[in-house]
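Chain by chain, the residues:
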Amino acid sequence: MSTAIASTGFSQEAFDAFLTTRDEPGWLIDMRRNAWRRFEELPMPSVRDEEWMRTDIRLFKLDRFGLPHSSPLDASPAHATEPHGVLAAGVEVGGRSTTLDGRLVVGELATKWAKQGVLFGSLDRMAAEHGDLLRPYFQRHVVDPFRDKFSALNAAGWSGGTLLYVPKGVRIEDPFHSLSVLGDGGIDFGKILVILDRDAEATVLTEVASLSANGGGLHCGSMELIVERGAGLRYVSLQNWGDEVWHFAHQKAHVASEGRLQWTIGALGSRLSKVNQHIAMTGPDAEVQVNGVMFTEGRQHLSYNTHQHHQAAYCKSDLLYKAALQDHSRTVWRGMIKVEKDAQRTDAYQRNDNLMLSRDARADSIPGLEIEADDVRCTHGSTSGRVDEQQLFYAMTRGYSRREAVRMIVTGFFQQVFDRITIEGVRNALSEAIGRRVRDIKEAVA
Amino acid sequence: MTETLKISNLHVAVEGKPILSGVNLTIHRGEVHALMGPNGSGKSTLAGAIMGHPKLEITEGTIELDGRSILEWDTSERARAGVFMAFQRPMAIPGVKMADFLRHATTNVRYPSRKEGEQLIPMREFRKELREKMAQLRMDEEFARRYVNDGFSGGEMKRAEILQMAMLRPKFAVLDETDSGLDVDAVKLASQSIAEIGGAEMGILIITHHDRLLEHNVPDFTHVMLGGRIVETGGVELARELYTEGYDQVRARHPEDAAIEKEMTSIEKKVASGAA
Ligand SMILES: Nc1ncnc2c1ncn2[C@@H]1O[C@H](COP(=O)(O)OP(=O)(O)O)[C@@H](O)[C@H]1O
Ligand SMILES: [Mg+2]
């Protein structure tokens with residue numbers, strides 16, 4: 001299915017035209033202009049850049065796409081069925097938002113939370129209506145707009161997106177759900193901004209998907225999670241783009257003192273993903289847990305740079321990424337634990353396990369430590385291997401067929417991450433999504 | 001006709017290296033056989049060959065179940081035909097709960113023609129039976145929720161193997177050193193358990209170094225393996241003798257097999273010291 005976005009490329013005229021469609025405060029327009037200048041200056045990343053060494057995007061042609069053309073608040077083309085996603089099925093939600101190609105289809109917030117000052121919905125509209133409140137958060141530049149060409153492009157041309165703002169001390173049990181859907185060949189320049197003010201608590205479930213499983217398109221996104229002092233955020237994002245989608249994203253969290261963040265990502269889709277996931281613990285006693293689950297097939301390439309940045313003392317971060325790879329697919333994980341001089345008594349952990357289901361798949365796992373404090377505990381580990389023949393034999397002596405045994409072992413491999421996820425519905429939805437992939441496992445290699 | 005597991009003139013090699021050279025052994029359902037022999041003599045290899053371990057190459061001889069050769073059957077088919085093995089070193093399967101693992105296994109073994117994706121034994125029914133069996137084996141219920149052999153102590157693993165045997169109700173079972181690593185009381189309990197779960201109805205091959213596991217499962221036959229062959233077969237008294245006297249007299253009575261044993265273990269020592 002094709003969507004009605006007229007591409008006008010990435011020319012100055014196109015950008016000026018884009019700005020005229022925006023109904024937003026001047027400071028925000030200025031931010032966009034600055035980022036645009038940077039976008040024009042910066043070269044496209046290449047394999048000569050260390051960070052992109054393993055991720056070749058020469059086949060990606062930016063000029064096949066263009067800036068969002070019409071106003072994001074225009075109604076979307078009517079769709080026979082509204083997409084639903086999987087993370088919040090059957091769950092009572094505090095609010096939900098659905099966009100198609102960056103344009104809002106559904107936006108709802110439960111009245112009881114609205115009454116307490118919670119804001120939730122399209123970031124376009126929120127920036128227009130609550131500019132003064134949001135300005136300092138925008139200007140923090142949690143994601144550095146000048147970091148690379150994609151961060152600059154998103155900062156200049158973001159559109160659609162989602163905001164959750166939870167005021168001081170408001171604690172919300174029901175999760176918020178946001179779904180972004182991409183039509184074939186479409187673009188999504190979404191920006192997600194989550195702000196939990198002091199002692200607030202919330203759960204956010206975000207998922208992205210394509211209308212068709214083999215759809216193409218471009219996502220150039222950003223995600224900023226701001227967890228203020230004593231606040232607690234559980235954040236889940238499930239990436240299920242179509243097989244031909246190019247996915248570039250910068251995701252970053254600021255966790256202030258005594259803040260807690262549980263961040264779970266599932267990555268199943270896209271042709272190529274290059275994601276920077278960065279967590280900065282900005283005040284003492286912050287606690288962060290990161291869970292990652294990936295399952296790749298075909299010729300998919302998923303590349304994740306994770307960064308656990310300990311800027312203050314007594315913080316704890318714990319990262320576990322697990323990937324299963326089929327066919328000719330490839331994953332790259334580069335993990336960095338960075339401990340600043342003042343971040344004494346840091347407790348940091350990172351681990352990446354890869355299960356190779358095909359001889360032609362490849363997983364690169366590159367952990368890294370950069371430690372300037374002297375009283376810390378930092379550990380890392382990574383494993384890559386095939387399904388163990390002895391385990392298979394053992395299961396088969398119990399009557400499992402070889403394929404059943406492989407599927408069981410793969411399921412168990414991921415279960416170890418699911419066990420860390422404290423939201424039951426999410427655990428089930430993720431294991432169901434993974435389970436579907438597991439059922440497709442063609443054949444195990446020895 | 002009684003059901004029979006018959007091994008004839010079995011030769012087995014691993015990576016081209018001969019390990020078993022002409023094993024003959026016939027087990028009828030309802031019989032208990034003890035298999036003893038020094039370390040490295042090939043006992044576990046025989047167990048693996050019975051189950052069809054893919055690394056083991058059968059170079060000569062047959063294994064028959066009720067007159068039909070099972071050599072072409074894969075491990076799963078052998079299990080579904082009622083052949084079981086308790087591992088000397090069971091494998092851990094992290095992330096898979098014992099109860100889920102066993103429910104699937106039990107369904108496959110009891111309904112051998114089950115295809116992948118077809119129904120499993122109803123949860124309730126299965127849980128009830130599992131709980132009963134666990135009570136019988138004096139196992140904590142919590143066991144069922146733990147991941148298969150993951151972080152189990154040696155004793156827990158061996159008891160879990162017996163539990164699996166109890167659920168799968170095989171016709172023939174090989175217990176490979178189910179007593180090693182257990183303390184005296186635990187071995188007693190294991191011995192008793194095997195008898196209680198209906199050991200008498202199976203044909204059992206108990207691989208052991210001691211006679212304690214045999215206390216409640218008195219062997220009808222005791223076999224001694226040396227250098228990859230069964231060199232002697234006797235009754236229960238042979239098991240006692242081997243336990244108390246060791247294998248030197250057996251070696252003296254079978255100098256040729258002892259020489260092969262020596263050669264097999266010396267190669268190993270060379271490999272070990274070469275690697276060090
Ligand atoms: N997978 C294997 N690869 C190479 N050699 C093996 C393997 N399994 C067993 N062996 C060799 O086969 C011989 C018999 O071993 P095993 O059957 O384990 O003896 P037992 O159980 O009687 O102690 C030993 O020499 C051992 O090193
Ligand atoms: Mg052995």
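Residues numbered from 1 in each chain as written. Chains lettered and ligands numbered in written order. Predicted model: local features only at pLDDT ≥ 70, side-chain atom pairs only at ≥ 80, totals over all residues. Heavy atoms only, no water.

Chemist: Can you explain the pairing of strand β12 (residues 260–267) of chain A? Please cite residues and give values.
Modeler: Residues and elements named next belong to chain A. Within β12, 7 of the 8 residues are buried, which leaves the element mostly enclosed by the surrounding structure. Two elements, strand β10 (residues 232–240) and β12, share 8 bridges in a ladder whose sense is parallel. Bridged to G232 within β12 is R260. Note that β12 and strand β14 (residues 287–296) share 8 bridges and pair parallel. Residue pairing in the sheet places A267 in a bridge with M294 of β14. (Buried < 20%, exposed > 50% of the residue type's maximum accessible area, 1.4 Å probe, protein only. Helix = DSSP H or I, 4+ residues; strand = E, 2+ residues; numbered from the N terminus. Pairing = 2+ DSSP bridges.)

Chemist: Pulling in residues and values, what's your account of the interface of chain A and chain B?
Modeler: Contacts between the two partners involve 23 residues from chain A and, on the opposite side, 36 residues from chain B. Overall, the association of chain A and chain B removes approximately 2,300 Å² of surface from exposure, summing both partners, and the carbon and sulfur fraction of that is 60%. Looking only at chain A, the three residues that lose the most surface to chain B are F393, Y394 and R398 of chain A, adding up to 34% of its buried area. Linking chain A with chain B are 5 salt bridges. The closest approach of N and O atoms between E404 of chain A and R114 of chain B, which form a salt bridge, is 2.8 Å. Inspection of the region where chain A meets chain B yields 19 residue pairs in polar contact (both at pLDDT 80 or more). Of the residues forming the side of chain A that touches chain B, the biggest block, 9 residues, is contributed by helix α8 (residues 402–418) of chain A. The class makeup of the residues in the side of chain A that touches chain B is 8 nonpolar, 8 polar and 7 charged. (Contact = heavy atoms within 4.5 Å. Buried area = accessible area lost by both parts, 1.4 Å probe. Salt bridge = Lys/Arg side-chain N within 4 Å of Asp/Glu carboxyl O. Polar contact = N/O pair within 3.5 Å; in protein donor to acceptor, adjacent residues only side chain to side chain. Nonpolar A, V, L, I, M, F, W, Y, C, P; charged D, E, K, R; others polar.)

Chemist: If you had to explain the layout of surface pockets to someone new, which residues and values would you point to?
Modeler: Space inside the largest pocket adds up to approximately 940 Å³. Along its surface, the largest pocket is lined by 29 residues, and R407, M408 and T411 of chain A together with D100 and H104 of chain B are the ones closest to its centre. Among the elements of the structure, α8 and α9 (424–439) of chain A together with β7 (93–97) and α3 (98–110) of chain B are those that each provide at least two residues to the lining of the largest pocket. Looking at the lining of the largest pocket, the element that brings in the most residues is α8 of chain A, giving 8 residues. Per-class residue counts for the lining of the largest pocket are 11 nonpolar, 8 polar and 10 charged. (1 Å grid on protein atoms, 1.4 Å probe; cavity = no way out; pocket = protein on both sides within 12 Å on 5 of 7 lines; lining within 4 Å. Points joined across faces, edges and corners; volume = space filled by probe spheres on them.)

Chemist: Describe the environment of L319 of chain A, naming the residues involved and giving the relevant values.
Modeler: Residues and elements named next belong to chain A. In this fold, L319 is placed in strand β16 (residues 316–325). On the basis of relative accessibility, which here comes to 1%, the residue L319 falls in the buried class. C-alpha of L319 to C-alpha of Q289: the two residues are 30 residues apart in sequence and 5.9 Å apart in space. Non-local contacts of L319, meaning those with residues more than four positions away in its chain, are made with V290, T306, Q308, W333, Y349, Q350, R351 and R420.

Chemist: Lay out the packing of helix α5 (residues 154–168) of chain B against helix α6 (residues 184–196) of chain B with the relevant residues and their values.
Modeler: The axes of two packed helices give the description: the angle between them and the distance between them. Residue and element names in this part refer to chain B. Interaxial distance between α5 and α6 falls to 10 Å at its minimum, and their mutual angle equals 5°. Classified by the angle between their axes, α5 and α6 sit roughly parallel to one another. From α5, R159, I162 and M165 reach across to α6, where they touch L189, A190, S193 and I194. Of the residues that constitute the contact of α5 with α6, the class distribution is 5 nonpolar, 1 polar and 1 charged. (Axes fitted to C-alpha atoms, helices over the stretch in contact; angles between N-to-C directions. Parallel < 35°, antiparallel > 145°, perpendicular 65-115°, else oblique.)

Chemist: Go over unusual backbone geometry with me, naming the residues and quoting the values.
Modeler: Positive phi, close to 80°, is recorded for S270 of chain A, a residue that is not glycine. By secondary structure assignment, the location of S270 of chain A is in the loop between β12 and β13 (272–281). Here S270 of chain A falls in the buried class, since its relative accessible area comes to 0%. Of note, the phi angle at N9 of chain B is positive, near 45°, even though the residue is not glycine. For N9 of chain B, the location among the structural elements is in strand β1 (residues 4–14).

Chemist: Provide a residue-level description of the nonpolar core, including the pertinent values.
Modeler: Formed by 119 residues in total, the largest nonpolar core has its most connected members in F295 and V410 of chain A together with L46 of chain B. The element best represented in this core is α8 of chain A, accounting for 9 residues. Counting residues in each nonpolar core, the second largest holds 45 residues, with F120, V170, F176 and M223 of chain A among its members. (Core = buried A, V, L, I, M, F, W, Y, C linked by side-chain atoms within 4.5 Å.)

Chemist: Report on a negative patch on the surface, specifying residues and quantitative values.
Modeler: On the surface, D199, E258, D285 and E287 of chain A cluster together into a negatively charged patch. Mapped onto the elements of the fold, E258 of chain A is located in the loop between β11 (244–255) and β12. (Patch = residues over 30% accessible without salt bridge, like charges linked within 9 Å, V, L, I, M, F, W, Y side chains within 5 Å. Areas by Shrake-Rupley, 256 points an atom, 1.4 Å probe, with all protein chains shown as cover. Lys, Arg positive; Asp, Glu negative; His and termini not counted. Charge placed at Lys NZ, Arg CZ, Asp CG, Glu CD.)

Chemist: I'd like a description of the pattern of salt bridges, backed by residues and values.
Modeler: All names here are of chain A. For the coordinates displayed, the defined rule picks out 46 salt bridges over all chains. R260 is paired through a salt bridge with E201; the nearest N and O atoms lie 3.6 Å apart. Here the residue R260 occupies a position in strand β12, and E201 occupies one in strand β8 (residues 201–210), the gap between them amounting to 59 residues. For E201, a relative accessible area of 28% gives the class partly exposed. Taken together, the salt bridges that share partners define one network made up of R22, E24, R32 and D124.

Chemist: Explain empty space enclosed by the protein to me, and be specific about the residues and the numbers.
Modeler: All names here are of chain A. For the structure on display, the rule yields 6 cavities of 30 Å³ or more. Put simply, the largest cavity is a space of about 280 Å³. Forming the walls of the largest cavity are 27 residues, and the residues nearest its centre are I192, V208, H219, M223 and Q251. At the level of elements, β5 (176–182), β7 (191–196), β8, β9 (216–227), β10, β11 and β12 are the ones that each hand at least two residues to the lining of the largest cavity. Taken together, the residues of the lining of the largest cavity break down into 8 nonpolar, 16 polar and 3 charged.

Chemist: Pulling in residues and values, what's your account of the sheet that holds β5 of chain A?
Modeler: All names here are of chain A. With mixed pairing, 10 strands are arranged side by side in an open sheet as β2-β1-β5-β8-β10-β12-β14-β16-β18-β20. Of all the strands in the sheet, just β2 (103–109) and β20 (377–386) have a single pairing partner and so form its edges. Each strand axis lies, on average, 5° off the axis of its neighbour in the sheet, ignoring direction. With 10 bridges joining them, strand β18 (residues 347–356) and β20 adopt parallel strand pairing. Within β20, the position partnered with Y349 by the bridge is T379. Set on the sheet, α8 makes contact with β14, β16 and β18; between it and β16 the angle comes to about 160°. The strands touched by α9 within the sheet are β8, β10, β12 and β14, with β14 carrying the most contacts at an inclination of about 25°.

Taken by themselves, the reported measurements are silent on function.
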